[in-house]
Amino acid sequence: MEENLRIIISGGGTGGHIFPAVSIANAIKEQHPEAEILFVGAEGRMEMQRVPAAGYPIKGLPVAGFDRKNLLKNVSVLFKLAKSQCLARRIIKEFKPHAAVGVGGYASGPTLKVAGMMGIPTLIQEQNSYAGVTNKLLAKKARKICVAYDGMERFFEKDKIILTGNPVRQGLRNPNISREDAVRSFGLDPSKKTILIVGGSLGARTINNCVMEGLDKIKASGVQFIWQTGKIYIDEARATVARAGEFPMLHVTDFISDMAAAYSAADLIISRAGAGSISEFCLLQKPVILVPSPNVAEDHQTKNALALVNKNAALYIKDAAAKEALLDKAVETVKQPETLKNLSTNIAKLAFTDSANVIAREVFKLADKYRKENGR
Ligand SMILES: CC(=O)N[C@H]1[C@@H](OP(=O)(O)OP(=O)(O)OC[C@H]2O[C@@H](n3ccc(=O)[nH]c3=O)[C@H](O)[C@@H]2O)O[C@H](CO)[C@@H](O)[C@@H]1O
């Protein structure tokens, strides 16, 4: 008798890797309810909470990233990597997956490497317009590489690439909340224009500084704001706002769990240019000002942003110029319905509507072939 489908999904570190992974898992479960899915993440990283919260089991590896500044530290990183590979091998031997999916981030390196060495078919998903180091290394053994941007054959073998877009969480796609209710759920006034400020899953120092230094402007703008600071900046943000007086037009939070409500509430978004966020803006047709992080590998957020800006699908302010320009530009733009409409129309053209399902089908094809070839 054929065994239940078993799939390993590995990766994480930030929401940008975790949420696509969960969407792929959900799509696999929708298509094959009997499937067993096991996540493999990095100990101490965000996935160790977020994945169980999404209803899936996860095992942690002691893996860490290479330190480009302090080379000595990398001795322990290498040790952890070797240990992670041993652990990954044990996990794979016990779970006996029919396929392994890597979404980038620390844990996917050892997990997919070992899976590949053990003959398990692997699929990787690259969210960005510039391939990450881990995915470039894993690409050689991967059978399929799902990407979100054109031109990825400069990193990967053309025959393996499938242009799927980035999976977006199922709940975000069909938000069942009206703009009015959404605005109210943040304690704000539905009759006012609302700007959502997000700094990716971890928050963004530059954007937060713009808000903290621009509190007078915010008060005078006639506009209201939902401001996600990121966990490590929340205390400073709250204290700064408290010192500056009453701010009924500002909702401050470290992390937004209900992004569907935040998107419904927003007339305009200020955001970093993480690939996952961008895919959501496209799908939900949201006008956005992108402020790419300068602190990411190969400046990939600028490349993500320019892919939209070149099609008049988003506005763009460099991190270094944000202090001077960001708040003024946002307040000016949110009061221009024509500009908002054009941005919304243009960004909608870049959306992939069925990404998670397409990827899930590819995973199934690989797993099914393996199952048949190996008689289980
Ligand atoms: C600093 C860093 O390394 N950033 C990378 C990380 O970004 P980061 O983790 O910020 O990821 P993305 O912008 O891709 O996605 C953020 C995700 O978090 C969600 N969200 C965000 C804020 C919040 O309060 N609540 C919430 O649920 C968003 O809806 C989205 O689904 O992975 C991305 C995808 O590989 C990369 O493009 C980014 O460059």
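Everything numeric here is computed off the predicted structure, so don't read it as measured data. (Residues numbered from 1 in each chain as written. Predicted model: local features only at pLDDT ≥ 70, side-chain atom pairs only at ≥ 80, totals over all residues.)

Undergrad: So what's going on with the domain arrangement of the protein chain? Which residues, and what values?
TA: Domain annotation for the protein chain reports domain 1 (6-166 + 353-373) and domain 2 (171-348). Just the C-alpha atoms count here: the centres of domain 1 and domain 2 sit 29 Å apart. Listed per partner, the contact involves 17 residues of domain 1 and 14 residues of domain 2. The greatest single-element share of the side of domain 1 that touches domain 2, amounting to 4 residues, is contributed by helix 1 (residues 15-31). Each residue belonging to the side of domain 1 that touches domain 2 can be placed in one class, and the counts come to 7 nonpolar, 10 polar and no charged. (Domains from an automatic or database assignment. Contact = placed C-beta atoms within 7 Å. Helix = DSSP H or I, 4+ residues; strand = E, 2+ residues; numbered from the N terminus. Nonpolar A, V, L, I, M, F, W, Y, C, P; charged D, E, K, R; others polar.)

Undergrad: Could you give an account of the UniProt feature "domain: Glycosyl transferase family 28 C-terminal" (unreviewed entry) in the protein chain, naming the residues involved and the relevant values?
TA: Here, the residues flagged by UniProt with the feature "domain: Glycosyl transferase family 28 C-terminal" (unreviewed entry) are residues 194-356. In residues 194-356, helix accounts for 51% and strand for 14%; the two terminal C-alpha atoms are 30 Å from one another. (UniProt positions renumbered as here; feature names shortened; annotations may be inferred.)

Undergrad: Help me get a handle on the nonpolar core, residues and values and all.
TA: By size, the foremost hydrophobic cluster in this structure holds 107 residues, and its most contacted members are Ile7, Ile9, Ile24, Ile197 and Val363. Here this core takes 8 residues from helix 1, the largest share from any one element. Split by domain, this core shows at least three residues from each of two domains, domain 1 (6-166 + 353-373) and domain 2 (171-348). Residues within four places of Val363 in sequence aside, it is in contact with Ile7, Ile28, Ala99, Val101 and Leu123. (Core = buried A, V, L, I, M, F, W, Y, C linked by C-beta atoms within 7 Å. Buried ≥ 20, exposed ≤ 12 C-beta atoms within 10 Å, placed from the backbone.)

Undergrad: Would you mind going over the site of the ligand in detail, with residue names and values included?
TA: Every one of the 26 residues lining the ligand counts as a neighbour, but Thr14, Gly16, Gly200, Gly274 and Gly276 are closest to it. Those elements giving two or more residues to the shell around the ligand turn out to be helix 1, helix 12 (275-284) and helix 13 (300-309). Broken down by class, the residue content of the shell around the ligand amounts to 8 nonpolar, 17 polar and 1 charged. (Near = placed C-beta within 6 Å.)

Undergrad: Outline helix 12, supporting the account with residue identities and numerical values.
TA: Counting buried positions over the 10 residues of helix 12 gives 10, a clear majority of the element. For helix 12, the set of buried residues is Ala275, Gly276, Ser277, Ile278, Ser279, Glu280, Phe281, Cys282, Leu283 and Leu284. With its phi angle positive at about 60 degrees, Gln285 sits one or two positions after the end of helix 12.

Undergrad: If you had to explain helix 13 to someone new, which residues and values would you point to?
TA: Burial analysis of helix 13 places 7 of its 10 residues in the buried class, the great majority of the element. Here helix 13 has its buried residues at His300, Gln301, Thr302, Asn304, Ala305, Ala307 and Leu308. Residues of helix 13 that are buried in the fold lie against helix 12, strand 12 (288-290), strand 13 (315-316) and helix 15 (337-348).

Undergrad: Tell me about the packing of helix 8 (residues 205-213) against helix 14 (residues 319-334), residues and numbers included.
TA: Here helix 8 crosses helix 14 at 30 degrees, and the two axes come no closer than 9 Å. Taken together, helix 8 and helix 14 sit at an angle that is classed as roughly parallel. In the packing of helix 8 onto helix 14, the handedness of the crossing is right-handed. Mapping the contact onto sequence places Thr206, Ile207, Asn209 and Cys210 in helix 8 and Asp319, Ala322, Lys323, Leu326 and Leu327 in helix 14. (Axes fitted to C-alpha atoms, helices over the stretch in contact; angles between N-to-C directions. Parallel < 35°, antiparallel > 145°, perpendicular 65-115°, else oblique. Left-handed = near helix turned anticlockwise from the far one by under 90°.)

Undergrad: Talk me through the sheet that holds strand 6 (residues 144-147); I want residue IDs and the actual numbers.
TA: Ordered in space as 3-2-1-4-5-6-7, the 7 strands form an open sheet in which the pairing is parallel. Every other strand in the sheet has two partners, leaving strand 3 (58-61) and strand 7 (161-163) as the edge strands with one partner each. The average angle at which neighbouring strand axes cross in this sheet is 20 degrees, direction not considered. Relative to strand 7, strand 6 runs parallel, the two sharing 3 bridges. Opposite Cys146, over in strand 7, you have Ile162 as the bridge partner. Running over the sheet, helix 4 (residues 108-117) touches strand 1 (6-10), strand 2 (36-42), strand 3, strand 4 (99-102) and strand 5 (122-126) and is turned about 150 degrees from strand 4. The strands touched by helix 16 (residues 355-373) are strand 1, strand 4, strand 5, strand 6 and strand 7; relative to strand 4, the strand with the most contacts, the crossing angle is about 150 degrees. (Pairing = 2+ DSSP bridges.)

Undergrad: Describe the sheet that holds strand 10 (residues 250-253), with residues and values.
TA: Strand pairing in a sheet is mediated by backbone hydrogen bonds. Such pairs are either parallel or antiparallel. Pairing within the open sheet is parallel, and its 6 strands lie in the order 10-9-8-11-12-13. Both edges of this open sheet fall to strand 10 and strand 13, since each of them pairs with a single strand only. Pairing analysis gives 2 bridges linking strand 12 to strand 13, with the strands arranged parallel. Counted as the bridge partner of Leu290 is Tyr316 from strand 13. Sheet strands in contact with helix 14 are strand 8 (194-198), strand 11 (268-271), strand 12 and strand 13, and its direction is about 160 degrees off that of strand 11.

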